[in-house]
Each structure stands twice: as C-alpha cells, then as structure tokens.
Amino acid sequence: MAATARIYRPTPANLARLAGVLVRGGLVAVPTETVYGLAADALNPAACRRIFRAKGRPTTDPLIVHVLGLAQAGRIAVLNASARRLAAAFWPGPLTLVLERSPLIPDAVTAGGNTVGLRWPGHPFMQAVIRACGFPLAAPSANLSNQISPTNSEHVRRQLGDQLPLIVDGGQAQVGIESTVLDLTVTPARILRPGMIHAEAIAAVLGNLADTAGAAQESKLKSPGLLAKHYSPRAKLVILKWDDDASLRTQVAGYSVAPAQCQIIAHTRIPASFGADNVSVIPHDAEAFARALYGEMHRCDAAGARLIVVEAPPESPEWSGILDRLRRAAA
Ligand code: TXA
Ligand code: MG
C-alpha cells in the first residue's frame, strides 16, 4: 500500500518546510496547472537521479525544468528570438520550450543531450516554491513511469506515497493534461507533444511550424517519453462513436466485457440504458474535458473497470492534445 506520505496544505509554514527538503536534495510532489510534478533541484545531479529512481523512469528520458521568469530561464538555456516571443505570449503557462542548454544544467536532467526543456508554470504555489528555493526545479509528472499523470494530490499519494516525505495539495490541476512540448532547436519549430496550447496558436506567434503529422515519427526518437504506450489506465480504453444506445451496445458487446465492468465517458450522446454508476458525463468543451479526463481514468481504474469507452471528441485544433492522450491510452 502506497500511503505513508502526508499531504500538506499550501501554507507559508509548509512552503518553508518543503523548500528545506528540496535544498537538501530531496523530492517533493508539487501542484502545477497542468498535472502534479515530482520536483527536485534541477542543478543537483544526485537529487535529479532520485526522481528517476522514484518513478522507475528510464534515465534516457530527459526532465523538464521549471523556472520563474525569463532571467532564470536565460541562465540555464539559450533564449533565442522565437523563445522570447513564445514566452511573452504563453508564459507562465502550459508550454515547454526545448532549447540549447547551458553548462549549468546537469546531464542527469538532459539525459546527456545538449538541449533542455523549460517551462514557467502558472500555478501560484509552484511559483512560490521556485522563489523560495532560488533554483530551478526539475519536475516530471508525479506518476510511476507509464501510468496516468496525477491531477490531484490523492492521485500522487496512491502511486508514489510510499516514496515521498511530502505531497502538497494545490487543488485540482486546472489544465489537466501535460504541457505542449515544442522543439525550438530546429527550423521550423516542431511540436514534440501536443497539449492545450495548440499548433495554430503557436503558428500565430511564430509564423511557421513544422507539419505535426509528419513530425510524429521523428518526435518519438527525439522525445523518448513519447512512445505510443504511455499515459495508460490499467483498463483497456477504446474511443468510439455512436448515434444511439443500440449502436453503443453493439460495439461494446464486441469487447466481451460484462456491462458492469465497462465505464463510459460521454460528452454529447449520453447513453441512457447503462447503469448510472457506469456512465460519466464530462463537458463538451475542450478545456473542461482536459481538466476532467485523467481524474476519470483514475476513477475508472479505482472502480476496477476492465473497459473504458470514451466518446470520440472532435478533431479540431483545440482538441489535439486531448486526442493525443486518448490515442496513447488506447494504444
Ligand atoms: O505539464 C508538464 O509538462 C508536466 C508538469 C509537471 O510540468 N511535466 C511533464 O514532464 O509532463 P514529463 O517528464 O512527464 O514529460 C516531459 C516530456 C517527456 O516526454 C520528455 O521526453 C520530453 O518532455 N522532454 C523533456 N526534455 C526534453 C528535451 N530536452 N528534448 C526533447 N524532449 C524532452
Ligand atoms: Mg509524464
């Protein structure tokens, strides 16, 4: 049972306590606006190696570094003109920029590469933590490798609670899926991981952007964390479209799972003939859907579901990050 960690409120006294843990090279789970992160001093290689051990993460998969402001960003990476324009448009916020690293950043963070992913997070408590520490924080999502990212402190406690002294409760993550990762070390820039800041919004700032579909294969190699089987619930997940209950029932029957062990996540065509405990409705609005999605997947796993059916979302740009996560979860 992973349950020994205590959950702390984001108070000034707790801020001092957790900054102390981080200064000594320890790990803490912290809220960000995207998903919860497992943070360590990004300039301390031993601390960063602890992150990989706690998550069971391959050391070949680089960590994102969280900064507070452009001055700090400029000390650990080369901020080119594109980076400055994007930072002005989207930081603080859910956009990670892959840039040429400075020698201050240890190999443990970059997996030995010469680039570093940087983000200025929007969550006020995460910002307070970086300010209190005075150093940038390396933080991947606070889940075990290949499991669903946590969007509240209880999700973190269930996965990593036996390994952490301190989990901070900063409320429900407001974005709900991980940041967009954009590689600015190539021209044109290339999205390595879609997110809620979508390709059209980035292209509007940069003027051009590599074709995302064509980039998919290359991104997998460049961002090892983006292998297809990722972000997965334990249950099988399928993305389906239906016009009415009969059509949904016919499709579900093909998976040979008892209806009681099937969970349906719908946003537009709400099935009426499945049990109330088996249907959840999340809003047909990309931002609200993203905020709710991982919580639903965690809930379905906790309920012992064997099949999770997600009503297919629209294919428009605002939904591209959500579609990416659903497809990986279904892979
Ligand atoms: O929203 C987020 O980005 C969250 C919160 C905690 O900030 N963090 C997060 O980190 O999702 P993580 O480690 O779970 O995912 C980071 C992704 C991985 O796929 C990794 O391979 C990629 O970003 N990445 C990190 N640094 C990179 C680099 N220098 N070059 C290419 N890809 C990189
Ligand atoms: Mg992750």
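As the structure is a computational prediction, the values presented were derived from the model and not from experiment. (Residues numbered from 1 in each chain as written. Chains lettered and ligands numbered in written order. Predicted model: local features only at pLDDT ≥ 70, side-chain atom pairs only at ≥ 80, totals over all residues. Heavy atoms only, no water.)

Q: Can you explain the sheet that holds strand 12 (residues 262-266)? Please cite residues and give values.
A: Read from one edge to the other, the open sheet built from 4 strands follows the order 11-14-12-13, with strand pairing classed as parallel. Of all the strands in the sheet, just strand 11 (236-240) and strand 13 (279-281) have a single pairing partner and so form its edges. Pairs of neighbouring strands in the sheet enclose a mean axial angle of 20 degrees, with direction left out of account. Bridging between strand 12 and strand 14 (residues 307-311) involves 4 bridges; their strand directions are parallel. In the strand pairing of strand 14, isoleucine 265 is matched with valine 310. Across the sheet, helix 10 (residues 245-253) touches strand 11, strand 12 and strand 14, and the angle it forms with strand 14 is around 145 degrees. Where helix 11 (residues 286-302) meets the sheet, it contacts strand 11, strand 12, strand 13 and strand 14, and its direction lies at approximately 175 degrees from that of strand 12. (Pairing = 2+ DSSP bridges. Helix = DSSP H or I, 4+ residues; strand = E, 2+ residues; numbered from the N terminus. Axes fitted to C-alpha atoms, helices over the stretch in contact; angles between N-to-C directions. Contact = heavy atoms within 4.5 Å.)

Q: Quick rundown of the nonpolar core? Include the residues and the values.
A: Judged by nonpolar contacts, the single largest core of 46 residues is most densely connected at Leu118, Leu182 and Ile202. Apart from the residues lying within four places of it in its own chain, the contact partners of isoleucine 202 are Leu86, Phe90, Leu95, Thr180, Leu182, Ile191, Ile197 and Leu209. With 24 residues, the next largest nonpolar core counts Ile148, Ile265, Cys300 and Ile322 among its residues. (Core = buried A, V, L, I, M, F, W, Y, C linked by side-chain atoms within 4.5 Å. Buried < 20%, exposed > 50% of the residue type's maximum accessible area, 1.4 Å probe, protein only.)

Q: Can you break down helix 11 residue by residue, with the values?
A: With 17 residues, helix 11 should reach 24 Å at 1.5 Å per residue; the first-to-last C-alpha distance of 25 Å fits that figure. Helix geometry: helix 11 is bent most strongly at alanine 292, by close to 35 degrees. Along helix 11, the positions that sit buried rather than exposed are Ala286, Ala288, Phe289, Ala290, Leu293, Tyr294, Glu296, Met297, His298, Cys300 and Asp301. Of the surrounding elements, those touching the buried residues of helix 11 are helix 7 (153-160), strand 11, strand 12, strand 13, strand 14 and helix 12 (320-330). Once helix 11 finishes, glycine 304 follows within two positions and takes phi at roughly 75 degrees, a positive value. (Expected span 1.5 Å × (residues − 1). Bend = angle between axes of the 7 residues up to and from the residue.)

Q: Describe the pairing of strand 3 (residues 37-41), naming the residues involved and giving the relevant values.
A: Across the 5 residues that make up strand 3, a large majority, 5, are buried. Examined bridge by bridge, strand 2 (residues 28-30) and strand 3 share 3 bridges and lie antiparallel to one another. Counterpart to alanine 29 in the pairing with strand 3 is leucine 38. Between strand 2 and strand 3, which pair antiparallel one after the other, the connecting turn spans 6 residues. As paired elements, strand 3 and strand 7 (residues 137-138) share 2 bridges and run antiparallel to each other. Counterpart to alanine 40 in the pairing with strand 7 is alanine 138.

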